[in-house]
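So you can see what is in the structure, the chains are spelled out below.
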Amino acid sequence: MLIDTPTLCATCPVLAVGSAPDALDAVAGGITTISLARGQVRTCEDLSHHFALVRRGALKVEFLNTDGQPEVSGFLFAGEPLVCSIGTEDVAITALEETVICDVRPDRIARELPGAAQIVNAFAEAVADQAGVDQRRLIHARSGTIPDRLHWFIRDLAARQGGPRVRLPMSRSEIAHYLDTSAESVSRAFTQLRNAGMIERVSPREFTLQA
C-alpha cells in the first residue's frame with residue numbers, strides 16, 4: 001500500500017541539506033511510503049531507479065547467488081537505505097516485522113526549489129555509503145569462528161539499535177544463513193557467549209550485550 005508521508009524522519013538524508021520545513025517543501029510529492037506486513041516479500045525491480053529507506057521496522061535482504069539460490073546479504077533497520085542490486089542481481093526484501101519504507105522518486109522532487117539537486121545527491125550518497133557498509137558487514141559476518149561471527153553480529157546490531165539491549169527480529173536460521181553456518185552452530189554459539197558472560201539472555205529474541 002502506498003500512502004503520502006507528511007513528515008521527515010530524524011535520520012533522513014534530506015535533513016543534511018536544509019531545515020526540515022524547507023526540505024519538506026522540496027520533496028513534497030516526491031516521497032511516498034510502502035507498508036509491508038510481517039513476512040511479506042517484495043522484489044526491488046521497481047525501486048531500482050528510486051531511493052528507498054526503512055522508515056520503521058526491519059527487513060531481510062536476499063539475492064540469488066551464482067548457483068541460483070537465495071542468499072541473505074544483510075538486514076536493514078530504521079534509517080538505513082536499501083541497496084536494490086548486488087552486482088547484476090536485483091535483491092528481494094522480506095519484512096521481518098511490520099515495516100514501512102520511504103520511496104523517494106527523484107523525478108518528483110521540486111527541481112525549481114533551492115537545494116533540490118543537493119537533496120537528490122544526498123540520497124545517492126547515502127545509498128552508495130550503505131553499499132560499502134553492507135559489503136564490509138558481510139565480510140565480518142563470515143570471518144573467524146562461529147562464536148566470533150555471532151558476537152560481532154550482536155555488537156553490530158547493538159550499535160545500530162542504539163544501546164546494549166539487542167532485539168533480534170530475524171530467526172536463528174536467518175542469522176545462520178547470514179553468518180554462513182548452520183542454525184545448530186548458531187544455537188551453540190549463543191550458549192558459548194552466554195556462558196562466557198559476553199551476552200545475557202532477556203527473552204528468546206532479546207539479549208543484552210555485556211561490556
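Residues numbered from 1 in each chain as written. Predicted model: local features only at pLDDT ≥ 70, side-chain atom pairs only at ≥ 80, totals over all residues. Heavy atoms only, no water.

A. Expanded view of the sheet that holds strand E11 (residues 165-167). Strands sit in the order E11-E13-E12 across an open sheet of three strands; the sheet is antiparallel. What marks the edges here is a single partner per strand, and that holds for E11 and strand E12 (199-203). This sheet shows a mean twist of 30 degrees between the axes of neighbouring strands, independent of strand direction. Sheet topology places E11 next to strand E13 (residues 206-209); three bridges connect them, and they run antiparallel. Looking at the pairing, Arg167 lines up with Glu206 of E13. The strands touched by helix H5 (residues 183-195) are E12 and E13; relative to E12, the strand with the most contacts, the crossing angle is about 115 degrees. (Pairing = 2+ DSSP bridges. Helix = DSSP H or I, 4+ residues; strand = E, 2+ residues; numbered from the N terminus. Axes fitted to C-alpha atoms, helices over the stretch in contact; angles between N-to-C directions. Contact = heavy atoms within 4.5 Å.)

B. Spotlight on the nonpolar core. Counting residues in hydrophobic clusters, the biggest one holds 27 residues, and the most contacted among them are Leu150, Phe153, Leu168, Met170, Ile175 and Phe190. Going through the elements one at a time, strand E6 (70-77), helix H3 (146-161), helix H4 (172-179), H5 and E13 are the ones with two or more residues in this core. At seven residues, H3 tops the list of elements feeding residues into this core. Setting aside residues up to four positions removed in sequence, Phe153 forms contacts with Phe75, Leu168, Met170, Ile175, Tyr178 and Leu179. (Core = buried A, V, L, I, M, F, W, Y, C linked by side-chain atoms within 4.5 Å. Buried < 20%, exposed > 50% of the residue type's maximum accessible area, 1.4 Å probe, protein only.)

C. Seen up close, the sheet that holds strand E5 (residues 58-64). Taken in spatial order, the four strands make up an open sheet running E3-E9-E5-E6, and their pairing is antiparallel. Sheet topology places strand E3 (41-43) and E6 at the edges, where each strand pairs with a single neighbour. On average, each strand axis in the sheet is inclined to that of its neighbour by 25 degrees, with strand direction left out of account. Summarising the sheet, E5 and E6 pair through seven bridges and their orientation is antiparallel. The partner of Ala58 across the bridge, within E6, is Phe77. In this fold H4 packs onto E5 and E6, with an angle of close to 110 degrees to the strand it touches most, E6.

D. Just H5, in detail. The end-to-end C-alpha separation of H5 is 18 Å, in line with the 18 Å expected for 13 residues at 1.5 Å each. Regarding H5, the residues found buried are Ser185, Val186, Ala189, Phe190 and Leu193. Burial along H5 is one-sided: seen end-on, the buried residues are contained in an arc of 145 degrees. Exposed and facing more than 90 degrees away from the buried side of H5 are Glu184, Arg188 and Asn195. Backbone geometry just after H5 places Gly197 at a positive phi near 75 degrees. (Expected span 1.5 Å × (residues − 1). Arc of directions from axis to C-beta.)

E. Molecular detail of the side chain of Glu62. When you line up the elements, Glu62 lands in strand E5. Beyond its immediate sequence surroundings of up to four residues, Glu62 is in contact with Pro70, Glu71, Val72, Ser73, Val91, Ala92 and Thr94.

F. Fine view of the packing of H4 against H5. Remark: H4 packs on H5, axes separated minimally by 8 Å, with the N-to-C direction vectors making an angle of 100 degrees. With respect to each other, H4 and H5 are oriented roughly perpendicular. Residues Arg172, Ser173, Ile175, Ala176 and Leu179 of H4 form the contact with H5, whose participating residues are Ala183, Val186, Ser187 and Phe190. Tallied by class, residues from the contact of H4 with H5 come to six nonpolar, two polar and one charged. (Parallel < 35°, antiparallel > 145°, perpendicular 65-115°, else oblique. Nonpolar A, V, L, I, M, F, W, Y, C, P; charged D, E, K, R; others polar.)

G. Representation of unusual backbone geometry. At Asp180, a residue that is not glycine, the phi angle is positive and equals roughly 60 degrees. Checked against the element boundaries, Asp180 lands in the loop between H4 and H5.

Nothing here speaks to function; it is geometry throughout.
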